[in-house]
Amino acid sequence: MTNLIAQTAFGGTRPKTETLGSMTLTERPDIALASVAARHGQSLTEVAGLPLPAPGALTQGAGLTAFWAGQDQWLIEGEARAEEDFAAWVKTQASAASVTEQTDGWVAFDIAGPEMDRLLERLVNLPDSAKATGQATRTGLHHMSVFLLRLADDHCRIWGMRSYAGSLWHALHEVASRLS
């Protein structure tokens, strides 16, 4: 019998992390992700007591983060919940919604450091207002479609498709290393 061993997007058993000068890049395989969409004719304003944000924004609380993904659609993160059936739990919190597990289709990278603004201006072509703390947007980054979440002045999270985890890491690493 073969034992199954969880792997990160890079095939390891531990998340990839690297410090480049004052910036730290960290793979976050511990975060669960579920999509939530209001059903036709239904209104959805919160999930598990967390208000659902307007376009371009995010909300955080109790280990959850929600960000807008489209009309009547959001993505919900669950900190340290990737090894459970997070979507099933979200469904119990949002009965008027269609919920889909997304965790294994995406990869999340946290970037932390005091030069966040300098890094982001080199990574994405967005106005400063879209890169401000509390904002979340879908954008292009080196020919890849990603979600950019600005969690704090010195912390952002990038969500990209798991199939291009290596390319996304390379792009982030190259830009961060030039700032160090």
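Everything numeric here is computed off the predicted structure, so don't read it as measured data. (Residues numbered from 1 in each chain as written. Predicted model: local features only at pLDDT ≥ 70, side-chain atom pairs only at ≥ 80, totals over all residues. Heavy atoms only, no water.)

**Student:** Residues and numbers for the sheet that holds strand E1 (residues 17–20), please.
**Tutor:** Spatial ordering of the open sheet is given by E1-E2-E10-E13-E12-E11, a layout of 6 strands whose pairing is antiparallel. The two strands at the open ends of the sheet, each matched to only one other strand, are E1 and strand E11 (136–141). Taking each pair of neighbouring strands and ignoring which way they run, the sheet shows an average axis angle of 25 degrees. (Pairing = 2+ DSSP bridges. Helix = DSSP H or I, 4+ residues; strand = E, 2+ residues; numbered from the N terminus. Axes fitted to C-alpha atoms, helices over the stretch in contact; angles between N-to-C directions.)

**Student:** So what's going on with the pairing of E11? Which residues, and what values?
**Tutor:** Across 6 bridges, E11 lies against strand E12 (residues 144–152) in antiparallel orientation. Considered in E12, the bridge of Gly140 is made with Ser145. What sits between E11 and E12 in their antiparallel hairpin is a turn of 2 residues, with His142 showing a positive phi close to 50 degrees.

**Student:** Quick one: what's the story with the pattern of salt bridges, residue by residue and with numbers?
**Tutor:** When charged atoms on two side chains of opposite charge get close, those side chains can pair. In the structure shown here, the tally under the stated rule is 12 salt bridges. Between Arg28 and Glu79 there is a salt bridge, with its nearest N and O atoms 2.8 Å apart. Note that Arg28 is positioned in the loop between strand E2 (23–27) and strand E3 (32–38) and Glu79 in the loop between strand E8 (73–78) and helix H1 (86–93), a separation of 51 residues in sequence. The class of Glu79 is partly exposed, set by a relative accessible area of 31%. The shortest N-O distance in the salt bridge between Glu79 and Arg157 comes to 3.3 Å. Of this pair, Glu79 sits in the loop between E8 and H1 while Arg157 sits in strand E13 (residues 155–161); the two residues are 78 residues apart in sequence, bridging distant segments of the chain. (Salt bridge = Lys/Arg side-chain N within 4 Å of Asp/Glu carboxyl O. Buried < 20%, exposed > 50% of the residue type's maximum accessible area, 1.4 Å probe, protein only.)

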